[in-house]
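Here are the chains, one letter per residue:
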Amino acid sequence: MHNSTLPPFPDDAPTQPLDVIDYALIKAGDQTESAKLWEAATTLGFWYFKNHGVEQEVKAMFDLGAEVLALPLEEKLKYEQGDSGRSFGYKKAGANAVDASGQVGYITHVLVSPPT
């Protein structure tokens with residue numbers, strides 16, 4: 001994976017704490033934990049899940065992403081997302097304007113889709 005040196009997170013940036021929801025408790029029928037999830041979903045709209053059991057699948061997904069992004073640029077450009085309206089494919093850093101002034105984004109991504 002690529003390494004970068006990031007500046008420290010600013011002390012004065014507003015943040016919002018997220019609830020940590022225990023999926024194992026929800027799966028076991030714990031009403032308190034279910035209520036906690038409902039509250040997080042209907043107020044802030046975001047939360048962290050723990051004990052969900054998908055760590056290996058997530059690791060495999062990140063490993064695959066790192067492998068794809070390590071491919072030579074020429075190979076990745078064969079799958080370029082382009083501007084045709086597709087929402088899948090490769091998008092290199094600087095290819096998207098992120099605001100009305102035309103400021104470009106610095107994110108590289110690959111969005112995959114099941115075969116049609």
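Residues numbered from 1 in each chain as written. Predicted model: local features only at pLDDT ≥ 70, side-chain atom pairs only at ≥ 80, totals over all residues. Heavy atoms only, no water.

Take unusual backbone geometry next. Positive phi, close to 55°, is recorded for Asn-51, a residue that is not glycine. Tracing the chain through its elements places Asn-51 in the loop between β2 (48-50) and α3 (55-69). Residue Asn-51 is classed as partly exposed on the basis of its relative accessible area, which comes to 43%. (Helix = DSSP H or I, 4+ residues; strand = E, 2+ residues; numbered from the N terminus. Buried < 20%, exposed > 50% of the residue type's maximum accessible area, 1.4 Å probe, protein only.)

Among the secondary structure elements, Trp-47 is positioned in the loop between α2 (31-42) and β2. Under the relative-accessibility criterion, Trp-47 is labelled partly exposed at 30%. Apart from the residues lying within four places of it in its own chain, the contact partners of Trp-47 are Leu-18, Asp-19, Ile-21, Leu-37, Ala-40 and Ala-41. (Contact = heavy atoms within 4.5 Å.)

Quick look at the packing of aromatic side chains now. Evaluated as defined, the whole model comprises two aromatic pairs. Aromatic side chains Tyr-23 and Phe-49 sit 5.6 Å apart centroid to centroid with 75° between the ring planes, which places their arrangement in the edge-to-face category. Taken together, the residues Tyr-23 in helix α1 (residues 23-27) and Phe-49 in strand β2 connect sequence positions 26 residues apart. Residue Phe-49 is classed as partly exposed on the basis of its relative accessible area of 36%. Pairing Trp-47 with Phe-49 gives two aromatic rings, centres 6.2 Å apart and planes at 75°, and the pair type is edge-to-face. (Phe/Tyr/Trp six-rings, centres within 6.5 Å; stacked < 30°, edge-to-face > 60°.)

The next subject is the layout of surface pockets. Each pocket or cavity is described by its volume, and for the largest pocket that value is around 330 Å³. Around the largest pocket sit eleven residues that line it, and Met-61, Leu-64, Gly-65, Ala-66 and Val-110 are the ones nearest its centre. At the level of secondary structure, the elements contributing two or more residues to the lining of the largest pocket comprise α3 and β4 (109-111). For the lining of the largest pocket, the element with the most residues is α3, which contributes seven residues. Looking at the lining of the largest pocket, its residues break down into nine nonpolar, two polar and no charged. (1 Å grid on protein atoms, 1.4 Å probe; cavity = no way out; pocket = protein on both sides within 12 Å on 5 of 7 lines; lining within 4 Å. Points joined across faces, edges and corners; volume = space filled by probe spheres on them. Nonpolar A, V, L, I, M, F, W, Y, C, P; charged D, E, K, R; others polar.)

Bringing the pattern of salt bridges into the picture now. Summed over all chains, the structure comprises two salt bridges. Measuring nitrogen to oxygen at the nearest pair gives 2.7 Å for the salt bridge that ties Asp-63 to Lys-59. Highlighted residues: Asp-63 and Lys-59, both in helix α3, separated by four residues, approximately one helical turn. Its relative accessible area of 46% is what places Lys-59 among the partly exposed residues. (Salt bridge = Lys/Arg side-chain N within 4 Å of Asp/Glu carboxyl O.)

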